[in-house]
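Here is what each chain is made of, one letter per residue.
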Amino acid sequence: MFKVLDKLRVSNMYSVLVEGDTSLLENGLKLIDETGNVFEIETVGMTKYQNVDDYKKYANIVLCGDVENIGESLFLS
């Protein structure tokens, strides 16, 4: 499970900040939220934090799908 922390609109896509096991994230992976919306990962990026080990649990992902209505959690589909 990934907790949705924030989202930022970038042109016609969204960058979504998530918390979870980021080693599971990869381009093309499909995620589903608690309401059944399906999203596909376009790009995975690391987020800069003060603690270098935070890259293991925080990531920015660029998603395709109805991100304006994204839920609070994402799950592997």
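These remarks concern the structure in this document.

Digging into the overall build of the chain
Each helix and strand counted, the chain has zero helices and six strands in total. Along the chain, helices and strands appear, N-terminal first, in the series β-β-β-β-β-β. Here the C-alpha atoms of the chain give a radius of gyration of 11 Å, agreeing with the 11 Å that 2.2 N^0.38 yields for 77 residues. Taken across its 77 residues, the chain has 32% of its residues classed as buried. Excluding contacts between residues fewer than 6 apart, the proportion of contacts in the chain whose partners are at least 24 apart in sequence is 57%. The distance from the centre of the 7 positive side-chain charges to the centre of the 13 negative ones in the chain is 5 Å.

Here's the deal with the packing of aromatic side chains
For the structure shown, the criterion picks out zero aromatic pairs. Taking the ring centre of Y14 as reference, the NZ or CZ of K7 above it sits at 5.7 Å.

Quick look at the pairing of strand β3 (residues 30-33)
Where burial is concerned, the two faces of β3 differ: the one with L31 and D33 is buried and the one with K30 and I32 is not. Looking at chain direction, β3 and strand β4 (residues 38-46) are connected through three bridges and run antiparallel. Bridge assignment links L31 to a residue of β4, and that residue is F39. What sits between the antiparallel neighbours β3 and β4 is a turn of four residues, in which G36 has the positive phi angle 100°.

A look at the sheet that holds strand β1 (residues 2-10)
One closed barrel holds the six strands; their spatial order is β1-β2-β5-β4-β3-β6, and the pairing between them is antiparallel. The average undirected angle you get between the axes of adjacent strands in this sheet is 45°.

As for the environment of M13
Mapped onto the secondary structure, M13 falls in strand β2 (residues 13-19). Using a relative accessible area of 28% as the deciding quantity, one classes M13 as partly exposed. In this structure, the C-alpha to C-alpha distance between M13 and C64, residues 51 residues apart in sequence, is 6.6 Å. If we skip the residues at most four places from it in the chain, M13 touches L8, E42, V62, L63 and C64.

Remarks on the pairing of strand β5 (residues 58-64)
Looking at chain direction, β2 and β5 are connected through six bridges and run antiparallel. What sits directly across from S15, in β5, is V62. With six bridges connecting them, β4 and β5 associate as antiparallel partners. When the sheet's bridge partners are listed, G45 is paired in β5 with N60.

Conventions adopted
Residues numbered from 1 in each chain as written. Predicted model: local features only at pLDDT ≥ 70, side-chain atom pairs only at ≥ 80, totals over all residues. Heavy atoms only, no water. Helix = DSSP H or I, 4+ residues; strand = E, 2+ residues; numbered from the N terminus. Rg over C-alpha atoms; globule rule 2.2 N^0.38 Å. Buried < 20%, exposed > 50% of the residue type's maximum accessible area, 1.4 Å probe, protein only. Contact = heavy atoms within 4.5 Å. Lys, Arg positive; Asp, Glu negative; His and termini not counted. Charge placed at Lys NZ, Arg CZ, Asp CG, Glu CD. Phe/Tyr/Trp six-rings, centres within 6.5 Å; stacked < 30°, edge-to-face > 60°. Lys NZ or Arg CZ within 6 Å of the ring centre and 35° of its normal. Pairing = 2+ DSSP bridges. Axes fitted to C-alpha atoms, helices over the stretch in contact; angles between N-to-C directions.

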